[in-house]
Amino acid sequence: MIAIAVVSAFPLVWMVLSSLKTPAEAMQTPPVWIPGTPSLDAYSKVSELISVGRSFANSALIAGITTAGILVTSLMAGYAFAKYRFRYREVLFAITIATMFLPPIVTLIPLYRLVGSIGLNASLAGVIVPNLANAFGIFLMRQFIAGVPDELVEAARLDGASEFRIVFTIVAPAVAPALAALALFAFVYHWNSYLWPLTVLQGNSSQYPIVISLSRLLSYNRSAVNTGLVMAGATLAVLPPLILFVLLQRFFVRTITASGMTGQ
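Predicted model, so just to flag it, every value in this text is computed and none were measured. (Residues numbered from 1 in each chain as written. Predicted model: local features only at pLDDT ≥ 70, side-chain atom pairs only at ≥ 80, totals over all residues. Heavy atoms only, no water.)

(A) Layout of the environment of Gly64. On the secondary structure map, Gly64 appears in helix H4 (residues 52–83). A relative accessible area of 30% means that Gly64 is categorised as partly exposed. Remark: the alpha-carbon pair of Gly64 and Pro177, spanning 113 residues in sequence, is separated by 18 Å. With residues near it in sequence (within four places) discarded, Gly64 still touches Ser59 and Phe187. (Helix = DSSP H or I, 4+ residues; strand = E, 2+ residues; numbered from the N terminus. Buried < 20%, exposed > 50% of the residue type's maximum accessible area, 1.4 Å probe, protein only. Contact = heavy atoms within 4.5 Å.)

(B) Representation of the packing of aromatic side chains within the structure. Under the counting rule described, the total for this entry stands at 10 aromatic pairs. Arranged with centres 6.4 Å apart and planes meeting at 25 degrees, the rings of Phe93 and Phe139 form a pair that is stacked. Here Phe93 is found in helix H5 (residues 89–98), whereas its partner Phe139 is found in helix H8 (residues 135–145), with 46 residues between them in sequence. What makes Phe93 buried here is its relative accessible area of 10%. Take Phe139: its relative accessible area is 31%, and that puts it in the partly exposed class. With centroids separated by 5.7 Å and ring planes inclined at 20 degrees, the aromatic side chains of Phe187 and Trp191 adopt a geometry described as stacked. (Phe/Tyr/Trp six-rings, centres within 6.5 Å; stacked < 30°, edge-to-face > 60°.)

(C) Spotlight on unusual backbone geometry. You will see that Tyr88, though not glycine, has its phi angle at about 65 degrees, which is positive. Relative to the elements of secondary structure, Tyr88 occurs in the loop between H4 and H5. A positive phi angle is found at Ala122, which is not glycine, with a value near 60 degrees. On the secondary structure map, Ala122 appears in the loop between helix H6 (104–117) and helix H7 (124–128).

Printed below as a string of structure tokens:
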């Protein structure tokens, strides 16, 4: 396990260390593992080439609102599929699951035309709105909510609680680890999303997320002198998802453990 962890963490560690190297150290052969004189010049150069603050704000807005929307829609739909009995329930759930197997490129053009037809193209709203519901999130919530005792839900109904109150004050705390894991998955995916924002924003660079803004650094990747510059940009982009994972990793592990123990 230690060997696997080292292999997995090596690219990340190498990226951070390379971002702190001077151009001379980046070009040295054999490569220098630990920078002799760590420098933050590459980070300041990145901020000169791209609007880091605005790009981070755009990414946070896209990933944050999308994640919140996925949590709400997945929780409500998962509750309906798990606790309601209605005609064609299994068929509708199967259709929802089937959409998980569609490659994103297949739905790119229909979604783009839909966004354009409602006047949301070239805007952050156009990036966010089509992703507010997620089939994987609905599936995950349905599986975990099915394990919440029906007696608990019925007792709340007898006490006069509304369905919304049951979902958000009784069911949601019971599946909190699954919600945290889903939040982690959704945030990381939409923070790193590239093709869909690039398609919708149509060159509106003022609304580019950080991942697209950093693509301007690719032209600097042809020379070893600029290795630190590219690595500094990549380090900036990976920090928010990494911090979120550190904060939520115990819930993520708890979710995996619960899934293995209950067979969900």
